Amino acid sequence: MKVIDSDFVKKFIKLADDGNKMGWHERNGGNLSYRIPEEEIAPFHSKLNYSGEWIDIGTSVPELGGMHFIVSGSGKYMSNMLADPENNCAIIELSGEGRKYRILWGLKSGGRPTSELPTHLMNHEVKMVATGGEHRVIYHCHPANLIAMTFILPLEDKIFTHELWEMMTECPIIFPNGLGVVKWMVPGGRDIAVVTSEKMKKYDAVIWAHHGLFCSAPDFDLAFGLAHTIEKAAEIFIKVRSVTDTKRQTITDPDFLKLAEAFKIKLNNDFIDLPTLDM
Ligand code: 13P
Ligand code: ZN
């Protein structure tokens, strides 16, 4: 079987294409990575080139040493992923101490992994540890309504989480831990990666003010579904705000607690203003 026909490449391409259809990937906007399990990469070892040069990641991710990832390329368009994956993404291997990577496959006509590689890998490291290895996908997109929200609300985790939870009944069920918000920072380096991965210890999604969203999930569907839910809630927020400054009614804190009870979820109490009720 060719690398391109593997299950993980097909799912990687599908998410890129789904995000593109949502309008979240203008030009080369956004990027994607997947921590490939050993059993999924093993059948392809003979098709990978293990003689490429080692390149500095720009940060250190010792827990991920020796692991394989598939990542989108820097400057590459998600809109081209479906037609030409081999030129728009790469399979990389990390060095044993987690400071360097080398390209084993893909980016056929040249190029480098996404400029957000430090954030992707530091998020992978944090989420792998926090979830006992369950989380494997990190997805970054530029959804317009969520970005618009970052010009309106104070850039605080609690305020964004509460507002988005209120916008759609499913939100507290889908992101019960809430969301992190990172103030505007220069993207593409270690500094923003450190701040984002610190927030990823607590949350599965982190908003970059005036820029976009990072999601972490066990698989591609869940990563896309999380981004889709957050952006849909943001769209509702923008629609409501476009009409009025005040809500006539909303989903209240006691309602959140009823939801938590009905759906057997543990909501992040930091984001509920009421004292926790006995359940
Ligand atoms: P890359 O093309 O390097 O992935 O950058 C796109 C982006 O969204 C940066 O935040
Ligand atoms: Zn971006």
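Residues numbered from 1 in each chain as written. Chains lettered and ligands numbered in written order. Predicted model: local features only at pLDDT ≥ 70, side-chain atom pairs only at ≥ 80, totals over all residues. Heavy atoms only, no water.

J.: Please clarify how the overall build of the protein chain should be interpreted in this entry.
T.: When its secondary structure is counted, the protein chain shows 10 helices and nine strands. A globule of 279 residues ought to have a C-alpha radius of gyration of about 19 Å, and the protein chain, at 19 Å, matches this closely. In terms of overall dimensions, the protein chain has a C-alpha envelope of 60 × 35 × 35 Å along the principal axes. Split into buried and exposed, the 279 residues of the protein chain put 53% on the buried side. Working note: accessible area of the protein chain is about 12,700 Å², and carbon and sulfur atoms make up 52% of it. (Helix = DSSP H or I, 4+ residues; strand = E, 2+ residues; numbered from the N terminus. Rg over C-alpha atoms; globule rule 2.2 N^0.38 Å. Buried < 20%, exposed > 50% of the residue type's maximum accessible area, 1.4 Å probe, protein only. Areas by Shrake-Rupley, 256 points an atom, 1.4 Å probe, with all protein chains shown as cover.)

J.: What is the right way to read the sheet that holds strand β7 (residues 180–182) from this model?
T.: For sheets, the rule is that strands pair by backbone hydrogen bonds, running either parallel or antiparallel. If you walk across this open sheet you meet the nine strands as β2-β5-β4-β3-β1-β6-β9-β8-β7, and the pairing is mixed. Looking at strand neighbours, the two that pair on one side only are β2 (55–56) and β7, the edges of this open sheet. Here four bridges tie strand β1 (residues 31–36) to strand β6 (residues 137–141), and the two strands are oriented antiparallel to one another. Note on β6: the bridge partner recorded for Ser 33 is Ile 138. In the packing of helix α8 (residues 190–200) onto the sheet, the strands contacted are β7, β8 (205–208) and β9 (212–217), and the crossing angle to β8 comes to about 145°. This element, helix α9 (residues 220–243), spans β1, β6, β8 and β9 of the sheet and lies at about 145° to β9. (Pairing = 2+ DSSP bridges. Contact = heavy atoms within 4.5 Å. Axes fitted to C-alpha atoms, helices over the stretch in contact; angles between N-to-C directions.)

J.: Explain α9 to me, please; I cannot follow it from the model alone.
T.: Given 3.6 residues to a turn, an α-helix orients residues that are three or four positions apart in the same direction. With 24 residues, α9 extends 35 Å between its outermost C-alpha atoms, agreeing within 8% with the 34 Å of an ideal straight helix rising 1.5 Å per residue. Of all the residues in α9, the buried ones are Phe 220, Ala 223, Phe 224, Leu 226, Ala 227, Thr 229, Ile 230, Glu 231, Ala 233, Ala 234, Phe 237 and Ile 238. (Expected span 1.5 Å × (residues − 1).)

J.: For this particular structure, what's the right way to read the site of ligand 1?
T.: All residues adjacent to ligand 1 are Asn 28, Gly 29, Gly 30, Asn 31, Ser 74, Gly 75, Thr 114, Ser 115, Glu 116, His 140, His 142 and His 211. Here an oxygen atom of ligand 1 and a side-chain polar atom of Asn 28 are 2.7 Å apart. Protein chains bury 92% of the 300 Å² of accessible surface belonging to ligand 1 in isolation. Residues that form the shell around ligand 1 fall into these classes: no nonpolar, 11 polar and one charged. (Near = heavy atom within 4 Å. Polar contact = N/O pair within 3.5 Å; in protein donor to acceptor, adjacent residues only side chain to side chain. Nonpolar A, V, L, I, M, F, W, Y, C, P; charged D, E, K, R; others polar.)

J.: Is there a simple way to explain the nonpolar core in this structure?
T.: In summary, soluble globular proteins display a tendency toward joint burial of nonpolar side chains. Ranked by size, the top nonpolar core spans 61 residues in total, and within it Ile 91 and Ile 230 carry the most contacts. Setting aside residues up to four positions removed in sequence, Ile 230 forms contacts with Leu 146, Leu 164, Phe 175, Leu 179, Ala 205, Leu 213 and Cys 215. The next biggest cluster of nonpolar side chains, apart from the first, holds 17 residues, and it includes Leu 64, Ile 103, Leu 121 and Met 128. (Core = buried A, V, L, I, M, F, W, Y, C linked by side-chain atoms within 4.5 Å.)

J.: Help me out: how do you make sense of the coordination of the zinc ion (ligand 2) in this one?
T.: Six octahedral donors around a metal ideally sit at 90 or 180 degrees from one another, while four tetrahedral donors ideally sit at 109.5 degrees. At 2.1 Å from the zinc ion (ligand 2) lie its protein donor atoms, namely His 140 (NE2), His 142 (NE2) and His 211 (NE2). For the zinc ion (ligand 2), all donor residues lie on one chain, and their spacing in sequence is H-x1-H-x68-H. Remark: His 211 occurs in the loop between β8 and β9 and His 140 occurs in strand β6; sequence separation between them is 71 residues. Residue His 140 shares its accessibility class with His 211, and that shared class is buried. (Donors = N, O, S within 2.8 Å, 3.2 Å for Na, K, Ca; no water.)

J.: Explanation requested: the packing of helix α6 (residues 157–167) against α9 in the structure shown.
T.: Pairs of packed helices are described in terms of their axes, by the angle between the two and the distance that separates them. One way to put it is that α6 packs onto α9 with a least axis distance of 8 Å and a crossing angle of 85°. Judged on the interaxial angle alone, α9 and α6 are roughly perpendicular. Note on element contacts: α9 touches α6 through Ile 230, Ala 233, Ala 234, Ile 236 and Phe 237, opposite Glu 163, Leu 164 and Met 167. (Parallel < 35°, antiparallel > 145°, perpendicular 65-115°, else oblique.)

J.: Please explain the environment of Leu 104 as it appears in this structure.
T.: Note on placement: Leu 104 falls in strand β5 (residues 100–106). For Leu 104, a relative accessible area of 4% puts it in the buried group. Each C-alpha atom, one on Leu 104 and one on Glu 231, is 34 Å from the other, the two residues being 127 residues apart in sequence. Not counting residues within four places of it along the chain, the set of residues in contact with Leu 104 comprises Leu 48, Asn 49, Tyr 50, His 68, Ile 91, Ile 92 and Glu 93.

J.: Please explain the packing of helix α4 (residues 117–130) against α8 as it appears in this structure.
T.: Between α4 and α8, the shortest axis-to-axis distance is 8 Å and the interhelical angle comes to 25°. In this view, α4 runs roughly parallel relative to α8, as classed from their interaxial angle. In this structure, α4 meets α8 at a crossing whose hand is right-handed. In this structure, α4 contributes Pro 118, Thr 119, Met 122, Asn 123, Val 126 and Lys 127 to the contact, and α8 contributes Arg 190, Ile 192, Ala 193, Val 194, Thr 196, Ser 197 and Met 200. Partitioning the contact of α4 with α8 into residue classes produces seven nonpolar, four polar and two charged. (Left-handed = near helix turned anticlockwise from the far one by under 90°.)

J.: Before we go on, may I ask you to explain the pattern of salt bridges in this structure?
T.: Where charged atoms from two side chains of opposite charge approach closely, those side chains can pair. Going through the model one piece at a time under the given rule, you end up with 14 salt bridges. A salt bridge links Lys 247 to Glu 163; the nearest nitrogen and oxygen atoms lie 2.7 Å apart. Residue Lys 247 is located in the loop between α9 and α10 (253–263), and its partner Glu 163 is located in helix α6; the two are separated by 84 residues in the primary sequence. Through salt bridges that share partners, Glu 163, Glu 166 and Lys 247 make up one connected network. (Salt bridge = Lys/Arg side-chain N within 4 Å of Asp/Glu carboxyl O.)

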